[in-house]
Amino acid sequence: MVPSYKNFIAGQWVDAVSHARFENRNPADTRDLVGFFADSSAEDVGRAVRAAAQAFPAWRACPAPLRGEFLYRTGEILKQRKEQIARDMTREMGKILLEARGDVQEAIDMAFWMAGEGRRLYGKTTPSELPNKFNMSVRMPVGVCGIITPWNFPMAIPSWKIFPALICGDTCVLKPATDTPLSAINFIKALEDAGVPPGVVNLITGKGADVGAALVDHDQVQIVSFTGSTATGREVATKCAPSFKKHNLEMGGKNVIMILDDAELNLAVDGAVWGAFGTSGQRCTASSRMVVHKKVYREFLKEFARRARNLSVGNGMKPRTEMGPIINQKQKDSILNWIDIGKKEGATIYLGGRPLEKGNYRHGFFIEPTIFSDVHPQMQIAQEEIFGPVANVLSCSSLEEAIEIANGVRYGLSASIYTRDVNRAFVAVREMYTGIFYVNSPTIGAEIHLPFGGTKNTGNGHREAAEATLDVFSEWKAIYIDYSGRLQRAQIDVGE
Ligand code: NAD
């Protein structure tokens, strides 16, 4: 019996108004039907937004430390259910079990971090320029947040948005990706079981063009928090612009590892393999470019390919698997198309480049770990996000050239350098215009208490995680209290 899952509105699990449903299948084996999910419409979104708007006054009035208690309880529940949730995630999304556990762990960490924030939510007190006057600033909640998330971190990313929104006193409507609705349902169930009041969090599953667009358009949604592709992010921003709706966008990347001639080469290869092929390269921070000093280029390439060739590709549920499937047929086609483009542009396929379609692979979406060598910085494969297990190796002859190549893309999410020279490492730290930078490790592996996000076409100036995310989900209010008993004009109004 294949389970059928519902939307969550005002504390109730309900079918879509139309009763339409869509299927969700395991990308490692499409014979495995994970479940049926509500294929919702703008009408369902309207109901969820109204529920969130009705719940807002009471939720914002609930003291922040008490709101934090709900998050602590949610974190505890996620801890208890971690293994089952991770298994569900691997089944619907494909990432290997070890990585799925990490995805759930991010949500647990974020629950506890933001629960603690309930006792801080620091504002500032500052002196006034006038006597007998007191100044301070406080954060205020904004209202209903429309949360739109991708499939590649199906629990971590909703948690990065919903926990800070809740601690700030906002209420939420979540619209997860159609490829990973079960992980979103598992997340919302944990919040429900932690006793979060009805209407504070709501979930609507369905297509981006229907549910996502309706959420962005709804005039009772005050904030849109979006993570996904740069193309969709641009659409979201365009729709938010006329009414100046607050929106934070976390989008694509074209991340780079620079490997200098003094690098510890084995360490760099370890990092490159993990950074390029972890989650089958389907991470926004995936290491998709290796810019390698010409003195060590051949040696690195040979060892990188040897290690990538030996990766065990398969169903992420199996303990020995190191790289799982691609999320769906469309994404597989898109990656294979990029591989064709790379060949036509004159790059050399040094490893892989083909779909895996025989034997155990025949019912899933698999591609060989692929390495292009002789890649020129201006080739499209070196400029555009591929979002698959495809690494491009470029050569450079100095730190300066490496930095120029590394910065020479329209994205600015994550970068790293391998060198044993602290001086050169710090020059790269200073010069790279990315939101995240690593020394002697790959471009993936962010921790939740540091700001996460990127520059240029990766973001629109906000950061998620850490304290920085509170700026997305709250507005500042500056407060002046005059206890002098007379009109005191501010310095700008005295005219001297
Ligand atoms: P996507 O843009 O196709 O979809 C993201 C979400 O937006 C989904 O829930 C989708 O249904 C919804 N959506 C689609 N069209 C919409 C519309 N017109 N209006 C509103 N919502 C709509 O992205 P994806 O394929 O799910 O995810 C992969 C992308 O996400 C990659 O580009 C990756 O780099 C990016 N990503 C970025 C970060 C980051 O923090 N920077 C993290 C993870 C993934």
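Residues numbered from 1 in each chain as written. Predicted model: local features only at pLDDT ≥ 70, side-chain atom pairs only at ≥ 80, totals over all residues. Heavy atoms only, no water.

Examining the overall build of the chain
A count of helices and strands for the chain gives 15 helices and 23 strands. Dimensions of the chain, computed from the C-alpha atoms along their principal axes, are close to 80 × 70 × 40 Å. Here the chain holds 496 residues, and the buried ones make up 58% of them. Across the chain, the fraction of contacts at a sequence separation of at least 24, relative to all contacts at a separation of at least 6, is 74%. A total of about 20,800 Å² of accessible surface is found on the chain, and carbon and sulfur atoms cover 52% of it. For the chain, the separation between the mean place of its 57 positive charges and that of its 55 negative charges on side chains is 3 Å. (Helix = DSSP H or I, 4+ residues; strand = E, 2+ residues; numbered from the N terminus. Buried < 20%, exposed > 50% of the residue type's maximum accessible area, 1.4 Å probe, protein only. Contact = heavy atoms within 4.5 Å. Areas by Shrake-Rupley, 256 points an atom, 1.4 Å probe, with all protein chains shown as cover. Lys, Arg positive; Asp, Glu negative; His and termini not counted. Charge placed at Lys NZ, Arg CZ, Asp CG, Glu CD.)

Quick look at the site of the ligand
Looking at the ligand, there are 25 residues lining it, with Thr149, Ser229, Thr232, Met251 and Glu385 nearest. Between the ligand and Gly208 there is a distance of 3.4 Å, counted from an oxygen atom to a backbone nitrogen or oxygen. For the ligand, a nitrogen atom lies 2.7 Å from a polar atom in the backbone of Met251. Mapped onto the shell around the ligand, the elements with two or more residues apiece are α6 (208-217), β10 (221-227) and α7 (230-240). Of the residues belonging to the shell around the ligand, the class tally is twelve nonpolar, nine polar and four charged. For the shell around the ligand, the domains that each give at least three residues are domain 1 (7-251 + 459-478) and domain 2 (255-439). (Near = heavy atom within 4 Å. Polar contact = N/O pair within 3.5 Å; in protein donor to acceptor, adjacent residues only side chain to side chain. Nonpolar A, V, L, I, M, F, W, Y, C, P; charged D, E, K, R; others polar. Domains from an automatic or database assignment.)

A closer look at the sheet that holds strand β12 (residues 255-259)
Here seven strands make up an open sheet; going across it, the order is β14-β17-β18-β13-β12-β20-β21 and the pairing mixed. The strands lining the two open edges of the sheet, one partner per strand, are β14 (348-351) and β21 (436-439). Each adjacent strand pair in this sheet contributes to an overall mean axis angle of 25°, direction not counted. By the bridge criterion, five bridges tie β12 to strand β13 (residues 287-293) in an arrangement that is parallel. Within β13, the residue paired with Asn255 across the bridge is Ser287. This element, helix α12 (residues 399-407), spans β12, β13, β18 (390-396) and β20 (414-418) of the sheet and lies at about 140° to β18. (Pairing = 2+ DSSP bridges. Axes fitted to C-alpha atoms, helices over the stretch in contact; angles between N-to-C directions.)

Some words on the domain arrangement of the chain
For the chain, the assigned domains are domain 1 (7-251 + 459-478) and domain 2 (255-439). The C-alpha-based centres of domain 1 and domain 2 are spaced at 31 Å. Facing 23 residues of domain 1, the contacting portion of domain 2 comprises 25 residues. Around 2,000 Å² of area is buried between domain 1 and domain 2 when both sides are counted, 61% of it from carbon and sulfur atoms. For the pair domain 1 and domain 2, the number of links is one salt bridge. The shortest N-O distance in the salt bridge between Glu99 and Arg283 comes to 3.5 Å. If you look at where domain 1 meets domain 2, you find six residue pairs in polar contact (both at pLDDT 80 or more). Breaking the side of domain 1 that touches domain 2 down by element, the ones donating at least two residues are β4 (29-38), α2 (64-93), α3 (97-117) and α7. Per-element tally for the side of domain 1 that touches domain 2: the top contributor is α2, with five residues. The residue makeup of the side of domain 1 that touches domain 2, split by class, is eight nonpolar, five polar and ten charged. (Buried area = accessible area lost by both parts, 1.4 Å probe. Salt bridge = Lys/Arg side-chain N within 4 Å of Asp/Glu carboxyl O.)

Brief notes about the packing of α6 against α7
Working note: a packed helix pair is described by the angle between its axes plus the distance between those axes. Contact geometry of α6 with α7 gives a least axis separation of 9 Å together with a crossing angle of 30°. The angle between the axes of α6 and α7 places the two elements in the roughly parallel class. The two elements α6 and α7 meet at a crossing, and its hand is right-handed. On α7, the residues touching Ala213, Val216 and Asp217 of α6 are Val236, Lys239 and Cys240. Grouping the amino acids of the contact of α6 with α7 by side-chain chemistry returns four nonpolar, no polar and two charged. (Parallel < 35°, antiparallel > 145°, perpendicular 65-115°, else oblique. Left-handed = near helix turned anticlockwise from the far one by under 90°.)

Digging into α2
Over its 30 residues, α2 runs only 34 Å from end to end, short of the ideal 44 Å by more than 12%, given 1.5 Å per residue. Lys82 marks the point of greatest bend in α2, at about 70°. Count one or two residues on from α2 and you reach Gly94, which has phi positive near 100°. (Expected span 1.5 Å × (residues − 1). Bend = angle between axes of the 7 residues up to and from the residue.)

Re the pattern of salt bridges
Working definition: two side chains of opposite charge can pair if their charged atoms are close together. Across all of its chains, the model carries 28 salt bridges by this definition. Salt-bridge contacts for Glu23 lead to Arg25; the nearest nitrogen and oxygen are separated by 2.9 Å. Using a relative accessible area of 31% as the deciding quantity, one classes Arg25 as partly exposed. Arg47 is the partner of Glu43 in a salt bridge, and the nearest nitrogen-oxygen pair spans 3.8 Å.

Comments concerning the side chain of Arg289
In this structure, Arg289 sits in strand β13. The buried charged residue Arg289 lacks any salt bridge partner; its closest oppositely charged side chain belongs to Glu384, at an N-O distance of 11 Å. Those residues in contact with Arg289, other than ones at most four positions away along the chain, are Lys254, Asn255, Val256, Ile257, Ala382, Asn392, Leu394, Ile405, Ala406 and Val409.

A look at the packing of aromatic side chains
Overall, the coordinates contain eleven aromatic pairs when judged by the stated rule. A centroid spacing of 5.5 Å and a plane angle of 70° characterise the contact between Trp151 and Phe387, whose relative ring orientation is edge-to-face. One end of the pair, Trp151, is in the loop between β7 (144-148) and α4 (156-168); the other, Phe387, is in the loop between α11 (380-383) and β18, and 236 residues separate them in sequence. Ring geometry for Trp160 versus Phe452: centroids 4.9 Å apart, planes at 80°, classification edge-to-face. (Phe/Tyr/Trp six-rings, centres within 6.5 Å; stacked < 30°, edge-to-face > 60°.)

Re unusual backbone geometry
You will see that Asn132, though not glycine, has its phi angle at about 50°, which is positive. By the secondary structure assignment, Asn132 is in the loop between β5 (124-126) and β6 (133-141).

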